[in-house]
Amino acid sequence: MTSEISAPTTGPTTRPRRDCKSVSDVLAAVAGGERAYGPAELDHLASCLRCRVEESRYRRLMDAMRLLREAPVLEDSRLESQILLHLDRYGHRWAWDARPRVAATVAAGAAAAAGLIAFTARHRRAARLAS
Amino acid sequence: MVALVERAKSGDREAFDRLVRVTHSDAYALALRLTGSTEDARDVVQEAYLRAYKSVGRFRGEAQFSTWLYRIVANCSTTHLSRRHRHRHDHLGAYDDVIDTRPDHDPVLQGDLAELRERLDAAVRDLPARLRSVVVLRDMYDLPHEAIAAELGISVTAAKVRLHRARRRLREQVLPMPGEESQP
């Protein structure tokens, strides 16, 4: 570690002190808004210039990430039409694929109706013979 | 947008086409950031809109339509990248020319941030895909950990660990502390 940034100073406190390593692990999560500092971490930050500098760098990183999202991306001018064409192809394919399904449903319905008619006729004939 | 989504949910193809027109730039930007290649991003976006079209009837409106779409884009990117990983033909450098670096409105702050943004952009691209996807979805697109984990097919804990590693790596690379500067 270089000497330009001081190590944490120790002072009178009843809370267990945190070291730079353990505080460093939470700096990114706090900068990302996923958690807040605990009292011991705040104590450490109050007395450790290095961790405060690292904290400010994480905040800056988060700002830059948001800015990066806002950076416009130059897109291919044909993209929109390509997406719509892709959807069209799916629509046609679906309609084409649906034909056998419709035909199969109609055939199954016709077969069921024919079966029902045959069954009813046989039942009636049996009843007639019995009488 | 809400009205368009409702019409699209009831099967109105014209409404869905208008949703495509309104949202495709943002979806493409996310796909590009996740895949790092214009060619892959184009494929991912086409596939994502097809999936969205097939399932828009099930969109419950609990999140914004854009967030729902981001999740689909993330999922398609993961599938696409894993497929590409098997075939192994990366197009590194294709991403270099597509970021528009025009300065924003605050010249003092933005001047410095713009330079930082350039370095960050390069650092994000250099991240391994598994770290890049998590940090892009979380820190750029604000997706919750649970959604990220679900779309990438990993646990929430794994998503948090990857995010932590990605942020640390980016910070060390873009804003290094004394002693962390990369060796020549």
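Rules used in this analysis
- Residues numbered from 1 in each chain as written.
- Chains lettered and ligands numbered in written order.
- Predicted model: local features only at pLDDT ≥ 70, side-chain atom pairs only at ≥ 80, totals over all residues.
- Helix = DSSP H or I, 4+ residues; strand = E, 2+ residues; numbered from the N terminus.
- Buried ≥ 20, exposed ≤ 12 C-beta atoms within 10 Å, placed from the backbone.
- Contact = placed C-beta atoms within 7 Å.
- Arc of directions from axis to C-beta.
- Axes fitted to C-alpha atoms, helices over the stretch in contact; angles between N-to-C directions.
- Parallel < 35°, antiparallel > 145°, perpendicular 65-115°, else oblique.
- Left-handed = near helix turned anticlockwise from the far one by under 90°.
- Expected span 1.5 Å × (residues − 1).
- pLDDT = per-residue confidence, 0-100.

Draft legend 1. Fine view of the overall build of chain A. When helices and strands are counted, chain A shows four helices and zero strands. Sequence-ordered secondary structure for chain A, helices as α and strands as β, is α-α-α-α. The 131 residues of chain A split such that 14% are buried. Long-range pairs, those at least 24 residues apart, make up 64% of the contacts in chain A between residues at least 6 apart in sequence.

Draft legend 2. Expanded view of the overall build of chain B. The helix and strand inventory of chain B stands at eight helices and zero strands. Secondary structure elements of chain B, listed N to C terminal, follow the sequence α-α-α-α-α-α-α-α. Here the contacts in chain B between residues at least 6 apart in sequence split such that 65% fall between residues at least 24 apart.

Draft legend 3. A look at the interface of chain A and chain B. Between chain A and chain B, the residue contacts involve 33 residues of the former and 36 residues of the latter. Put simply, the parts of the chain that give the side of chain A that touches chain B at least two residues each are helix 3 (49–70) and helix 4 (79–130) of chain A. Ranked by residue count, the leading element in the side of chain A that touches chain B is helix 3 of chain A, at 13 residues.

Draft legend 4. View of helix 7 (residues 145–152) of chain B. All names here are of chain B. For helix 7, the complete set of buried residues consists of Ala147, Ile148, Glu151 and Leu152. Looking down the long axis of helix 7, one finds its buried residues gathered within 115° of arc, a one-sided arrangement. Once helix 7 finishes, Gly153 follows within two positions and takes phi at roughly 70°, a positive value.

Draft legend 5. Region of the structure containing the packing of helix 2 (residues 13–35) of chain B against helix 3 (residues 38–55) of chain B. All names here are of chain B. In the contact formed by helix 2 and helix 3, the axes pass within 8 Å of each other and the chain directions differ by 135°. The orientation of helix 2 with respect to helix 3, classified from their angle, is oblique. As helix 2 runs across helix 3, the sense of the crossing is right-handed. From helix 2, Phe16, Val20, His24, Ala27, Tyr28, Ala31, Leu32 and Thr35 reach across to helix 3, where they touch Thr38, Asp40, Ala41, Val44, Val45, Ala48, Tyr49 and Tyr53.

Draft legend 6. Molecular detail of the packing of helix 1 (residues 2–9) of chain B against helix 2 of chain B. Residues and elements named next belong to chain B. Helix 2 packs onto helix 1 with a crossing angle of 135° between their chain directions and a minimal axis gap of 7 Å. Between helix 1 and helix 2, the angle falls in the class oblique. In terms of crossing hand, the pair formed by helix 1 and helix 2 is left-handed. Of helix 2, the residues touching helix 1 (which contributes Leu4, Val5, Arg7 and Ala8) are Ala15, Phe16, Arg18 and Leu19.

Draft legend 7. Representation of the environment of Tyr49 of chain B within the structure. Its place among the elements puts Tyr49 of chain B in helix 3. Judged by the 28 C-beta atoms lying within 10 Å of it, Tyr49 of chain B is buried. Once residues lying within four places of it in the same chain are set aside, the contact partners of Tyr49 of chain B are Ile83, His86 and Leu87 of chain A together with Val20 of chain B.

Draft legend 8. Spotlight on helix 6 (residues 129–140) of chain B. All names here are of chain B. Compared with an ideal rise of 1.5 Å per residue, which puts twelve residues at 16 Å, helix 6 spans 15 Å between its outermost C-alpha atoms and is within 8% of the ideal. Counted residue by residue, helix 6 has ten buried out of twelve residues, so it is predominantly covered. Every buried residue of helix 6 is listed here: Leu131, Arg132, Ser133, Val134, Val135, Val136, Leu137, Arg138, Asp139 and Met140.

Draft legend 9. Spotlight on unusual backbone geometry. For Asp142 of chain B, which is not glycine, the phi dihedral falls at a positive 55°. Along the chain, Asp142 of chain B turns up in the loop between helix 6 and helix 7.

Draft legend 10. Representation of the confidence of the model for chain B in the model. Residues and elements named next belong to chain B. Taken as a whole, chain B shows an average pLDDT of 82; of its residues, 84% reach a score of 70 or greater. Helix 8 (residues 156–174) holds the highest mean pLDDT among the elements of chain B, 94, whereas helix 5 (residues 107–126) holds the lowest, 76. In the predicted structure, residues 89–109 sits below a pLDDT of 50 and forms 25 contacts with residues beyond four places in sequence or in another chain. For this predicted complex, the interface confidence comes out at an ipTM of 0.72, alongside a pTM of 0.69.

Draft legend 11. Broad picture of the environment of Leu116 of chain B. Structurally, Leu116 of chain B can be placed in helix 5. Expressed as a C-alpha distance, the spacing of Leu116 of chain B and Leu175 of chain B, which sit 59 residues apart in the sequence, is 8.6 Å. Ignoring anything within four residues of it in the chain, the contact list for Leu116 of chain B reads Ala64 of chain A together with Val174 of chain B.

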